[in-house]
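Per-entry structural report
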Amino acid sequence: MSLIDLETGVLGEAKTMFDSTSHRCHPNTGNRIAGIQVPFWQKVKDTLLHTHEKFPYIKLIAWDVMIHGDGFSVIEGNASTGFNIFQLWTGARDSELGLFYKKNDIIK
């Protein structure tokens, strides 16, 4: 999992669920992660936010998206997400996301 700047779509360092090491490059391929710009970022964001509005009864949708040569495709939307993944970076329970989860009874 990589941190991402939600405004710019630029990736930060990544971590796995297996250890706490931060990676600027993929540990197996050596391909750079940190500093990579997600293609079509603004279009992806705008499309997903607009699509989410069609489901006002779902408080949280975790979207799986595939970026490809000429754009992107939505693979699926999930009504929940692995909160434990966010814990890789910091204690997330009291973060903005954690407070959202609590407020909406996603976690206790």
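Nothing here was measured: the structure is a model prediction, and the numbers come from that model.

1. Concerning the environment of F72
- Following the sequence through the fold, F72 ends up in strand β4 (residues 71-78).
- Distance in space between the C-alpha atoms of F72 and W41 is 9.6 Å, their sequence separation being 31 residues.

2. As for the pairing of β4
- Pairing of strand β3 (residues 62-68) with β4, which is carried by seven bridges, proceeds in the antiparallel orientation. Along β4, the bridge assignment pairs A62 with N78.
- Connecting β3 to the antiparallel partner β4 that follows it, the hairpin turn spans two residues.

3. Section: the pattern of salt bridges
- Evaluated as defined, the whole model comprises one salt bridge.
- Here R24 makes a salt bridge to E13, at a shortest N to O gap of 3.8 Å. With a gap of eleven residues between them, R24 in the loop between β2 (11-14) and α1 (41-52) and E13 in strand β2 connect regions that are remote in the sequence.
- E13 sits in the partly exposed class, given a relative accessible area of 28%.

4. Side note on unusual backbone geometry
- We note that F40 has phi near 60 degrees; this positive angle belongs to a residue other than glycine.
- By secondary structure assignment, the location of F40 is in the loop between β2 and α1.
- Given the relative accessible area of 36%, F40 is considered partly exposed.

Calculation notes
Residues numbered from 1 in each chain as written. Predicted model: local features only at pLDDT ≥ 70, side-chain atom pairs only at ≥ 80, totals over all residues. Heavy atoms only, no water. Helix = DSSP H or I, 4+ residues; strand = E, 2+ residues; numbered from the N terminus. Pairing = 2+ DSSP bridges. Salt bridge = Lys/Arg side-chain N within 4 Å of Asp/Glu carboxyl O. Buried < 20%, exposed > 50% of the residue type's maximum accessible area, 1.4 Å probe, protein only.

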